[in-house]
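Coordinate analysis (summary)
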Amino acid sequence: MYDLPSFNVKIPGFLKNKIFWGVVLVIFISSLFGFLAGAIYYNYFSSGGKSYAPKLDMGIFGNKFSDQQAVYLPQTSQEDAIISVVNGVSPAVVSIIVTKDVPIIEQYYTNPFQDFGDFFGSDFLVPQYRQNGTEKKEVGGGTGFIVSEDGMILTNKHVVSDAEADYTVLTNDGKKYSAEVLARDPIQDLAVIKIDSNRAIDSKGEMVLKQFPTVPLGDSDRIQIGQTVIAIGNTLGEFRNTVSVGVVSGLGRTITVSDGSVTETLEDVIQTDAAINSGNSGGPLLNLKGEVIGINTAMVQGAQSIGFTIPINKAKKDIDNVKSSGRIIYPLLGIRYVLINATIQQNNNLKVDYGALVQKGENGEEAISPGSAAEKAGLTEGDIILEINGEKITTENTLSEIVMKYNPGDKVVLKILRGGEEKTLEATLTERAQ
């Protein structure tokens with residue numbers, strides 16, 4: 001056995017202090033949790049957390065994770081409604097392409113002095129032009145929207161006015177369909193065309209017709225000035241399903257429109273500041289419920305956001321007519337007239353400031369059409385029709401608007417003013433030829 005030397009070791013006082021060891025323990029625990037939090041943070045962003053990187057665009061790991069797309073969240077309830085309407089309606093909005101056989105013109109040169117020999121020289125040539133066959137070219141375009149599951153489409157008449165042209169419909173999914181014009185409205189700038197349904201195989205292995213997406217039709221009589229509206233159309237014939245947003249800026253407008261060859265007057269149309277550009281014609285004007293309240297038809301050249309649409313209620317009858325009879329049916333009274341206002345009253349020394357004054361056309365056309373309902377009822381030039389079935393005729397409630405509420409064969413009572421004396425006549429409306 002060995003005797004070990006003894007050492008007198010003096011322990012510092014602070015190591016005996018409980019507070020000191022408490023501080024050390026806190027520091028250790030904090031460091032441990034900090035390490036674990038960092039590990040979890042790195043692991044999260046390097047795996048499941050990748051979906052956040054494209055939003056923040058911080059390039060945390062040297063790339064932006066372009067294989068994943070962020071979901072946009074609408075900032076307001078109105079924005080949410082607009083996005084919802086566009087997503088819901090766009091599949092039923094179509095582009096209409098107009099093509100036609102046009103002549104191929106080629107240039108050639110001739111010597112107009114060839115009959116004089118070489119006196120003027122053989123190098124004296126002048127250009128001439130001649131047709132060398134034809135080729136099919138795109139000559140126009142517009143927009144429409146599907147109103148029945150079997151492919152019936154509503155558009156503007158001026159979009160499909162050329163009877164010699166071919167019409168192709170391009171749907172939102174990129175498919176093309178040959179279109180047939182079913183009917184052109186003789187009065188309004190409206191037309192109905194048709195594409196054939198897709199053929200598909202159902203779950204039972206049977207051939208069925210695939211239904212087209214449609215748009216719901218609203219009530220244009222309930223439109224209010226200032227309400228938000230959405231226009232969708234094939235802008236400039238190139239940018240399909242372009243969306244513009246605005247408000248209803250006017251109601252009951254009467255405008256005269258022209259496409260360069262045909263001029264017509266449109267009554268009781270909706271004015272909007274939602275952009276309506278060339279190519280938007282025939283597209284829908286929608287409310288925030290996704291309902292069609294108008295058919296975009298015209299814009300004011302040189303103005304800032306002044307467009308006009310035909311109220312959808314005016315088109316509903318056309319759609320029903322085509323579905324039931326294959327044509328658009330209009331009742332006809334058979335007169336030419338001018339609506340009376342204060343100015344017309346004063347200029348013509350009339351006793352009333354409302355009604356419809358029966359008179360000849362600007363080019364001398366007959367005031368009363370021969371064989372018409374008006375002639376059979378006994379109307380004559382110079383008569384003023386005050387009421388139809390008790391409904392007063394005014395500049396806001398025109399004669400044509402009132403007559404359009406009826407059908408051919410309906411009998412109507414006319415209250416007229418003739419020579420200062422009121423009379424009552426009865427007329428049976430006929431059908432207007434298209």
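Residues numbered from 1 in each chain as written. Predicted model: local features only at pLDDT ≥ 70, side-chain atom pairs only at ≥ 80, totals over all residues. Heavy atoms only, no water.

It is worth spelling out the overall build of the protein chain at this point. Secondary structure summary: the protein chain contains seven helices and 22 strands in total. Here the protein chain holds 434 residues, and 36% of them are scored as buried. By sequence separation, contacts in the protein chain at least 24 residues apart represent 59% of the contacts at least 6 residues apart. Summed over all atoms, the accessible surface of the protein chain reaches about 25900 Å², with 51% contributed by carbon and sulfur. (Helix = DSSP H or I, 4+ residues; strand = E, 2+ residues; numbered from the N terminus. Buried < 20%, exposed > 50% of the residue type's maximum accessible area, 1.4 Å probe, protein only. Contact = heavy atoms within 4.5 Å. Areas by Shrake-Rupley, 256 points an atom, 1.4 Å probe, with all protein chains shown as cover.)

With that settled, the discussion passes to the pairing of strand 20 (residues 411-418). Where strand 18 (residues 384-388) lies against strand 20, four bridges are found, and the strand directions are antiparallel. Across the sheet, the residue bridging to Ile384 is Leu417, located in strand 20. Where strand 20 lies against strand 21 (residues 421-428), eight bridges are found, and the strand directions are antiparallel. Across the sheet, the residue bridging to Lys415 is Thr424, located in strand 21. The hairpin turn running from strand 20 into strand 21, its antiparallel successor, is two residues long, and Gly419 in that turn takes a positive phi close to 60°. (Pairing = 2+ DSSP bridges.)

Within this structure, the stated rule accounts for eight salt bridges. Linking Asp162 and Lys100 is a salt bridge whose minimum nitrogen-to-oxygen distance equals 2.7 Å. Of this pair, Asp162 sits in the loop between strand 3 (152-155) and strand 4 (166-170) while Lys100 sits in strand 1 (residues 93-110); the two residues are 62 residues apart in sequence, bridging distant segments of the chain. Accessibility expressed as a relative area gives 24% for Asp162, which makes it partly exposed. Among the residues examined, Lys100 registers a relative accessible area of 22% and is labelled partly exposed. (Salt bridge = Lys/Arg side-chain N within 4 Å of Asp/Glu carboxyl O.)

One recurring pattern in soluble globular proteins: nonpolar side chains tend to sit buried together. The biggest cluster of nonpolar side chains holds 48 residues, and the ones touching the most others in it are Ile96, Phe145, Leu154, Val169 and Ile295. Excluding its chain neighbours within four sequence positions, the residues that come into contact with Val169 are Val94, Ser95, Ile96, Ile153, Lys175, Lys176, Tyr177, Ala179, Ile193 and Ile195. With 24 residues, the next largest nonpolar core counts Ala377, Leu379, Ile388 and Leu429 among its residues. (Core = buried A, V, L, I, M, F, W, Y, C linked by side-chain atoms within 4.5 Å.)

We now examine the sheet that holds strand 13 (residues 292-299). As summarised here, the arrangement of the six strands in space is 9-10-11-14-13-12, forming a closed barrel in which the pairing is antiparallel. When the angles between neighbouring strand axes are averaged without regard to direction, this sheet yields 55°. In this sheet, strand 10 (residues 239-258) lies alongside strand 9 (residues 228-235) in antiparallel orientation, the contact comprising seven bridges. Across the sheet, Ala231 pairs through a bridge with Ser244, a residue of strand 10. Across the face of the sheet, helix 3 (residues 77-89) comes into contact with strand 9, strand 10 and strand 12 (284-286) while running at roughly 40° to strand 9. Helix 4 (residues 312-325) rests against strand 11 (263-272), strand 13 and strand 14 (307-311) of the sheet, and its axis sits at about 45° to strand 14. (Axes fitted to C-alpha atoms, helices over the stretch in contact; angles between N-to-C directions.)

Quick look at the pairing of strand 10 now. The pairing of strand 10 with strand 11 spans seven bridges and is classified as antiparallel. Within strand 11, the residue paired with Ser258 across the bridge is Thr263.

We now examine the packing of aromatic side chains. Going through the model one piece at a time under the given rule, you end up with one aromatic pair. A ring pair is formed by Tyr177 and Phe212, whose centres lie 5.4 Å apart and whose planes are at 80°; its orientation type is edge-to-face. Placement of the pair is Tyr177 in strand 5 (residues 176-184) and Phe212 in the loop between strand 8 (207-210) and strand 9, with a sequence separation of 35 residues. Assessed through its relative accessible area of 10%, Tyr177 is described here as buried. Take Phe212: its relative accessible area is 5%, and that puts it in the buried class. (Phe/Tyr/Trp six-rings, centres within 6.5 Å; stacked < 30°, edge-to-face > 60°.)

For the protein chain, the mean per-residue pLDDT works out to 81, and 76% of the residues sit at or above 70. Low confidence marks residues 1-11, where pLDDT is under 50. Its contacts with residues over four positions away, or in another chain, come to one contact. Note that pLDDT drops below 50 for residues 45-67; the model gives that stretch 18 contacts with residues more than four away or on any other chain. (pLDDT = per-residue confidence, 0-100.)

Let us look at helix 3. Here helix 3 is 13 residues long and its end C-alpha atoms lie 18 Å apart, about the 18 Å a rise of 1.5 Å per residue gives. The set of residues buried in helix 3 consists of Ile82, Val85, Val86 and Val89. One side of helix 3 holds all its buried residues, which, seen down the axis, span an arc of 95°. When the buried face of helix 3 is taken as reference, the exposed residues oriented beyond 90 degrees from it are Ser77, Asn87 and Gly88. (Expected span 1.5 Å × (residues − 1). Arc of directions from axis to C-beta.)

Next up on the list: the side chain of Ser95. With respect to the element layout, Ser95 can be found in strand 1. Residues contacting Ser95, with those up to four places away along its chain left out, are Gly142, Thr168, Val169, Leu170, Asn234 and Arg240.

Our focus in this paragraph is unusual backbone geometry. At Asn349, a position not held by glycine, the phi torsion is positive, near 55°. For Asn349, the position within the fold is in the loop between helix 5 (342-348) and strand 17 (356-358). On the basis of relative accessibility, which here comes to 71%, the residue Asn349 falls in the exposed class. Residues other than glycine seldom take positive phi values, yet Asn389 does so here, at roughly 50°. Relative to the assigned elements, Asn389 resides in the loop between strand 18 and strand 19 (391-392). Given the relative accessible area of 36%, Asn389 is considered partly exposed.

A few words on the side chain of Ser244. Along the chain, Ser244 turns up in strand 10. For Ser244, a relative accessible area of 13% puts it in the buried group. Of the polar contacts made by the side chain of Ser244, one reaches the backbone oxygen of Ala275; its length is 2.8 Å. Excluding anything up to four places from it in sequence, Ser244 contacts Val229, Ile230, Ala231, Ala274 and Ala275. (Polar contact = N/O pair within 3.5 Å; in protein donor to acceptor, adjacent residues only side chain to side chain.)

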